[in-house]
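# Fold and geometry: a report
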Amino acid sequence: VSPCGRYLATCGKDKTMRLWHLGTNQCVAVATGHTEAIGATSLSRKVVRYEVGGKAAKNGGGAFIVTASKDRTMKRWSFPGSIELNKHAETELASGKEPLALSVIGSARAHEKDINIVSIAPNDSLIATGSQDKTVKLWRSKDLTLQVTLKGHKRGVWDCQFSPYDRVLASSSGDRTVKLWSLGDYSCVRTFQGHAASALRVRFLSGGLQLLSSGADGLVKLWTIRTNECETTIDGHTDKVWALDLAQDGKTLVSGGADSRIVVWQDSTKEEEDAKRDAEEQNILMEQQLSNHLRHKEYKQALEIALELDKPRQALKVFTALVENDVTNGNDGLTSLQSHAKAWPINRTAQVLRYCRDWNTRARNSHIALLIIKAIVSSIPVHKLASADGIPEILAGITPYAERHFERIDKLYASSYLIDFTLLSMGSLSINHDEDFR
C-alpha cells in the first residue's frame, strides 16, 4: 500500500505486477517484463513524489515501484503520477480501455536464489532485498547499483524492513532469528532469538524502540531493542504467520496465517499499566489499613485484609498476634481460631490450609500452623473438607512434616528427663555434703 493510502501494488504467478486505485477498486496500471513469477513488490515511501507526473515521472523523478521475481532479477518501474492515474481510473477505464502499461527504468540481477522480500527506505534512497541465498542486499534506488551485502543469517531471509526512525534495518530468517543491522557501518548490532521455527515477518513499532516478529511456529513476539529481550508472546494462530502489519497509529496489529485466519490485535499496554497502578495503590492502602488494625489489636479485620491481599507472611503475623493475645488473656488460643474457621467459605479455608502447608515446613512456624489446622478440622465437618476441591491433597502434604515435628517434640520431651535426673542428683549431693560438714 502506498504511504498516501490511495494505491495498492500486487504481484503473482502471472509474471505481472498490478497497481490498483483504492478509491475506485480498479486496476489502473500493469507492469510486464519478468520471465517468471513475481514474489515481492514495494512502493516508494515519500508521499510528495506521488504528485510528480509527466516527463519527470517517466525519467524517474517521481514515485516508483520495485518488483523482485523468481527469475532472480529486480526491476524498478516508473509511477505515472496521481493526476494521470486518477484521470485514467475515472474516465478511460470506464470506457473500456486497458490499464496503463508501466515502463522499466532500471533492472538488476539481485541474488543467486529466489528473492523473498523487497523493501524501500523511508527516504527512497535505498532498496533492501532478502533472498534464500541467506543474504540481505542494499541497493541505490536511482540506478540499482549494489551498495553492500549483509551476511550473517544461516538460512534464507524471509523479510527485511527499514526503521522509520533510525538508520537501522531489521531482517528475519529461516534460522529462527531476527537481526538488526546498522546502516552506518553495516554491522549486525542485535540478534533476537526465541522463535521455535522460521521467523517470517518483522516490523518496527513504538518509535523504533521495539520490534514485532511472526514465525512459522504460529507466534507473534514483541521485542525491546535496548534490552534484547522478548517482552511478550502473542498466540493467535495454529499455523505459520505469513502476514504482519501495523496501522499508522501503531496501536492496531493485523496478522494473517496459513490457518486461514486474519487476527486484529489492539495495544492494551496503557490500560494494563493503569490497572496495575490502580492495583498497587489499592494494595498500599490496604496494607496501611492492615498495620492500623494490628496496632489497635483489631485482629479480625486485619486477618480479612491479609487473606484478601493474599499475603502469607502478613497472615502469619496476624495469626501469631491473635494467639499470643488470647494466651495473655488466659485463653488457649484455639477458641478464637475456631470461631474464625467456622465463618470462612470453603475457598478461604483452602487458602489458609495452603499457607499452613508452607508454614509447617519450618519448625519455627510449625506450632501456629498445626494449631490453625486443629481449629479447622475440629470446627468444619470432615465430609465437607473431604469433598472440597484440593483440600485432601493439601492435608496429604501437611502430614509428613507434622509427623516429623511430633517426632522431634517426643525426642525433646524424652531428653528432658535427663535434665530432671541431673537436677535431682545435684540436689541429693547437696544434702549429703551438708550432713558430712556437720
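Above this text is the structure in question.
Description of the structure in this document. Per chain, residue numbering runs from 1 following the sequence as it is written. Note on the predicted model: pLDDT of at least 70 is required for a residue's local features to be given, and 80 or more for side-chain atom pairs to be given and counted; whole-chain, interface and lining totals, by contrast, use all residues. Processing note: side-chain calculations cover all non-hydrogen atoms of the structure and skip hydrogens and water entirely.

## Topic: the sheet that holds strand E20 (residues 229-235)
Following DSSP output, two strands are said to pair if at least two bridges run between them. Under the scheme used here, helices are H or I runs from DSSP no shorter than 4 residues and strands are E runs no shorter than 2 residues, and both carry numbers assigned from the N terminus. Spatial strand order, E17-E18-E19-E20: 4 strands in an open sheet with antiparallel pairing. A single partner strand is all that each edge strand has here, and the edge strands are strand E17 (199-205) and E20. Direction aside, the axes of adjacent strands within the sheet are offset by 20° on average. Comment: axis = line fitted to C-alpha atoms, over the contacting stretch for helices; angle = value between 0 and 180 degrees taken between N-to-C directions.

## Describing the layout of surface pockets
There is about 280 Å³ of room inside the second largest pocket. As for the second largest pocket, its lining consists of 13 residues, of which Gly39, Lys70, Ile115, Asn116 and Trp158 are closest to the centre. Those elements that place two or more of their residues in the lining of the second largest pocket are strand E4 (38-43) and strand E9 (115-120). Buriedness of a pocket was judged along seven lines, with at least five required to meet protein on both sides within 12 Å; pockets are open sets of points on a 1 Å grid over the protein atoms alone, cavities are sets where a 1.4 Å probe fits but cannot get out, and lining residues have an atom within 4 Å of a point. Grid points are joined across faces, edges and corners, and a volume is the space filled by probe spheres set on the points.

## A word on a positive patch on the surface
Taken together, the side chains of Arg72, Lys113, Lys134, Arg155 and Arg176 define a basic patch exposed on the protein surface. Mapped onto the elements of the fold, Lys134 is located in the loop between strand E10 (126-131) and strand E11 (135-140). Excluding any residue in a salt bridge, patches collect residues exceeding 30% relative accessible area, merging like charges within 9 Å and nonpolar Val, Leu, Ile, Met, Phe, Trp and Tyr side chains within 5 Å. Every accessible area reported is derived by Shrake-Rupley at a probe size of 1.4 Å, with residue values counting cover from the shown protein chains alone. A pair is scored as a salt bridge if a Lys or Arg side-chain nitrogen falls within 4 Å of a carboxyl oxygen belonging to Asp or Glu. Neither His nor the chain termini are counted; the positive set is Lys and Arg, and the negative set is Asp and Glu. Charge positions are represented by NZ for Lys, CZ for Arg, CG for Asp and CD for Glu.

## Considering the packing of helix H7 (residues 346-359) against helix H8 (residues 363-379)
Running from N to C, H7 and H8 point in directions that differ by 150°, and their axes come no closer than 9 Å. Judged on the interaxial angle alone, H8 and H7 are roughly antiparallel. With respect to the hand of their crossing, H7 and H8 are arranged in left-handed fashion. Residues Thr349, Val352, Leu353, Cys356 and Trp359 of H7 pack against Asn365, Ser366, Ala369, Ile372, Ile373 and Ile376 of H8. Here the word oblique covers every angle except those under 35 degrees (roughly parallel), over 145 (roughly antiparallel) and from 65 to 115 (roughly perpendicular). Here a crossing is called left-handed whenever its near helix is offset anticlockwise from the far helix by less than a right angle, and right-handed whenever the offset is clockwise. The contact criterion used throughout is that any non-hydrogen atoms of two residues lie within 4.5 Å.

## Brief notes about the pattern of salt bridges
On inspection of all chains with the given rule, the structure shows 10 salt bridges. Across the pair Arg109 and Glu112 runs a salt bridge whose closest N-O atoms are separated by 3.9 Å. Among the ionic pairs, Glu304 bridges to Arg348, the shortest N-O distance being 3.5 Å. Residue Glu304 is found in helix H4 (residues 299-308), and its partner Arg348 is found in helix H7; the two are separated by 44 residues along the sequence. Partly exposed residues are those whose accessible area sits between 20% and 50% of the maximum for their type, while under 20% is buried and over 50% is exposed, using a 1.4 Å probe and protein chains only. On the basis of relative accessible area, Arg348 is assigned to the buried category, the value being 13%.

## Some details on the pairing of strand E6 (residues 73-78)
Burial runs high along E6: 6 of the 6 residues are buried. Neither face of E6 is exposed, since Thr73, Lys75 and Trp77 on one face and Met74, Arg76 and Ser78 on the opposite face are all buried. Two elements, strand E5 (residues 64-69) and E6, share 5 bridges in a ladder whose sense is antiparallel. The residue bridging Ile65 from the neighbouring strand is Trp77, located in E6. The turn joining E5 and E6, which pair antiparallel and follow one another in sequence, is formed by 3 residues; a positive phi near 70° is taken by Arg72.

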